[in-house]
Amino acid sequence: MFKLNKSLHKWLSLLVGLQLIIWLATGLYFNLMDHKKGSGNANLRPVAHTAGNLNAPLLPLKSLEFAPAKQVKLLWVLGHPYYQITHQSGIHSYQAKQVTLLDAYTGQKATINETLARTIALKSFKGSVNIISANLLQPPIAELPKHENPLWQVKLSDTENTNVYIDSNSGRVIAHINDDRRLRDLMFTLHFMDYFGTGGFNHWLIILFAIATLLLSMTGVTWLIERFKAGQLSFAFKSNKQRIKVIELAQQQTHELELKTGISLFDGLAAAGIALPSNCGGGGTCGLCKVRCNENTQMTDADKANLSNSKLEQGYRLACQHNTAEVTEIEVRSRTFNKPKNKP
Amino acid sequence: MIRTIRKYHKWLMAFIGVQFLIWSITGLYMVTMDIHYIHGESLQRQNQHPIAVNQVNYSLSDLHSEYPGAHQVTLTQLMAEPVYHFIDKDHTQRLIDAKTGQLLPLIDKLQALKIAKHQYTSGDAIASVQLIDNQSQLPSELASRHLPVWQVVFDNVWAPTFYISQNSGDIVTKRHFFWRLFDWMWRFHIMDYDDGENVANWFLLLIALLGTLAALFGATLTYQRVFKPNSQGAN
Ligand code: FES
């Protein structure tokens with residue numbers, strides 16, 4: 001059972017490991033970033049649209065022809081009044097809308113044209129810049145994947161490479177996207193695993209990874225609990241000493257060692273200069289760190305999973321799965337055998 | 001080397017592993033719950049009827065001459081009646097009957113109940129209704145710029161709640177159990193245990209730094225076990 005937990009932990013970490021590190025690194029970025037800069041609004045300033053007075057009477061809505069509306073707004077764009085007639089809209093402003101603009105003085109159909117968009121873009125920017133280009137983009141828009149309405153993109157010549165996005169239905173500035181904002185958006189894309197440009201975080205890829213990550217955490221916590229029960233996560237500050245007689249088979253030598261308790265035999269021997277063969281470094285999965293103890297030494301699940309019955313009967317156990325306090329005499333065949341450091 | 005890395009992975013995770021579990025649980029909740037559902041969009045019925053423009057006898061010119069400083073003027077509807085909503089020059093919100101030009105009083109309790117019932121998508125009864133008009137009563141889930149509002153709570157286990165502006169009759173925000181839970185999930189995700197607003201807290205910084213270290217150690221262990229399963233010298 002516990003073997004399954006360990007191998008699940010391994011394979012899950014292989015699956016999500018890279019993304020997990022990306023989550024942590026981007027999380028650190030969000031923790032440390034300058035939010036004002038990251039929003040792209042460092043050079044944004046409000047554009048004054050409303051004029052003080054009317055130059056002519058506003059045409060009565062009753063006298064105008066338009067499709068059924070759920071809302072009509074008196075919209076001021078650079079001092080000129082329009083009727084912004086919303087036929088269809090979602091709850092959020094980024095959702096697809098059906099809007100008609102009528103000039104409130106003449107009743108003529110109007111649009112936010114390139115000239116308006118260019119003027120608004122310049123007015124929305126603190127400092128003097130030039131315009132490189134202005135284009136009306138249809139969704140999906142690469143830098144604003146959530147938006148479902150056509151937007152004017154006005155490219156400015158500043159050092160931050162700002163693109164001003166203007167709603168073609170209202171002339172409102174949706175965003176200044178500059179290099180700081182692009183960096184933040186990249187971090188969001190990575191954190192939300194939005195590699196297919198959905199603009200959100202409710203997609204199957206991240207759900208799959210979130211499930212795998214939860215399992216990874218759960219198997220990790222289970223493993224920790226198991227280590228704690230095995231006495232290898234002891235928070236005691238003072239540890240006792242255990243005297244162990246170690247017979248080294250390769251060198252035909254015998255040593256009397258005093259090892260700290262509260263750690264694994266594997267770690268204890270390593271501290272004393274006896275490095276047992278190992279691939280997993282004490283994880284109880286490679287089965288290489290076997291030592292021969294008294295046959296009555298309790299068998300752990302990892303022992304059973306890694307050692308044959310005959311080895312178990314002869315008293316072989318995994319040194320990394322037993323505490324120093326469990327043994328008094330062992331036979332080892334070590335990989336390197338430095339002079340034991342704490343000969344009594 | 002591997003032995004040391006395994007030891008550090010174990011000990012670091014012994015201290016911060018619980019936060020990994022919290023990150024996984026809260027993250028899973030946030031990605032699986034559709035954000036539009038979380039925001040209660042399914043609770044509120046979208047107004048389907050167009051505005052009866054032919055009944056709008058009071059024109060925008062009339063409005064402009066009567067309220068010279070008016071801005072953000074919108075023609076919308078309140079309980080299927082055409083109304084103008086705008087901000088007057090003294091910054092107060094006003095609501096005007098678009099048929100007659102009459103200034104409408106603040107939304108009272110009965111109207112609030114009517115609006116709530118009219119826009120709610122289910123048939124649950126109303127459990128409570130309460131006027132919130134000062135900062136001291138402000139629940140943490142409501143922004144103070146929305147005041148004054150009627151808080152209408154429906155009789156349902158998930159406690160769906162509408163906040164209806166007393167000025168405009170609009171549902172300015174809504175809440176239900178899953179949104180409230182989402183906010184808690186977010187708080188635990190960013191480890192901001194006081195007001196839940198601040199991603200830039202030192203506690204998150206510390207744990208995320210240690211967590212990155214622990215994860216990198218873990219990655220080394222996985223690399224060793226998956227790609228170097230036959231090396232024996234990895235002590
Ligand atoms: S070190 Fe690999 S099983 Fe003990």
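Before any of the text, the structure's been laid out above.
Here the structure is a predicted model, which is why all the values come from computation and not from measurement.

As for unusual backbone geometry
- The peptide bond linking Pro139 of chain A to Pro140 of chain A adopts the cis configuration, its omega dihedral lying at 0°.
- Relative to the helices and strands, Pro140 of chain A is located in the loop between strand E5 (131-137) and strand E6 (151-156).
- The omega angle of the peptide bond from Leu147 of chain B to Pro148 of chain B is -5°, so this bond is cis rather than trans.
- Along the chain, the position of Pro148 of chain B falls in the loop between strand E4 (126-132) and strand E5 (149-154).
- Positive phi values are uncommon outside glycine, yet Met79 of chain B reaches one of about 50°.
- Inspection of the secondary structure puts Met79 of chain B in the loop between strand E1 (71-78) and strand E2 (81-87).
- The exposure class assigned to Met79 of chain B is partly exposed, which follows from its relative accessible area of 32%.
- The backbone of His91 of chain B shows a phi angle near 70°, a positive value even though the residue is not glycine.
- The topology assignment puts His91 of chain B in the loop between E2 and strand E3 (93-97).

Brief notes about the interface of chain A and chain B
- Between chain A and chain B, the contact holds 69 residues from the first and 68 residues from the second.
- Both sides of the chain A and chain B interface together cover about 5,600 Å² of buried area, and 65% of this is carbon and sulfur.
- Where chain A touches chain B, the interface holds one salt bridge.
- In this structure, Arg3 of chain B engages Asp267 of chain A in a salt bridge whose closest nitrogen and oxygen atoms are separated by 3.1 Å.

A look at the sheet that holds strand E8 (residues 173-177) of chain A
Residues and elements named next belong to chain A.
- The strand order across the open sheet built from four strands is E5-E6-E7-E8, with neighbouring strands paired in antiparallel fashion. With partners counted over all chains shown, the strands left at the sheet margins are E5 and E8, one partner each. Neighbour-to-neighbour, the strand axes of this sheet turn through a mean angle of 15°, independent of strand direction.
- In the sheet, E6 pairs with strand E7 (residues 163-167) via five bridges, with the strands oriented antiparallel. The residue bridging Leu151 from the neighbouring strand is Asp167, located in E7.
- Together, E7 and E8 form the strand contacts of helix H4 (residues 179-191), whose direction differs from that of E8 by roughly 90°.

Rules used throughout
Residues numbered from 1 in each chain as written. Chains lettered and ligands numbered in written order. Predicted model: local features only at pLDDT ≥ 70, side-chain atom pairs only at ≥ 80, totals over all residues. Heavy atoms only, no water. Helix = DSSP H or I, 4+ residues; strand = E, 2+ residues; numbered from the N terminus. Buried < 20%, exposed > 50% of the residue type's maximum accessible area, 1.4 Å probe, protein only. Contact = heavy atoms within 4.5 Å. Buried area = accessible area lost by both parts, 1.4 Å probe. Salt bridge = Lys/Arg side-chain N within 4 Å of Asp/Glu carboxyl O. Pairing = 2+ DSSP bridges. Axes fitted to C-alpha atoms, helices over the stretch in contact; angles between N-to-C directions.

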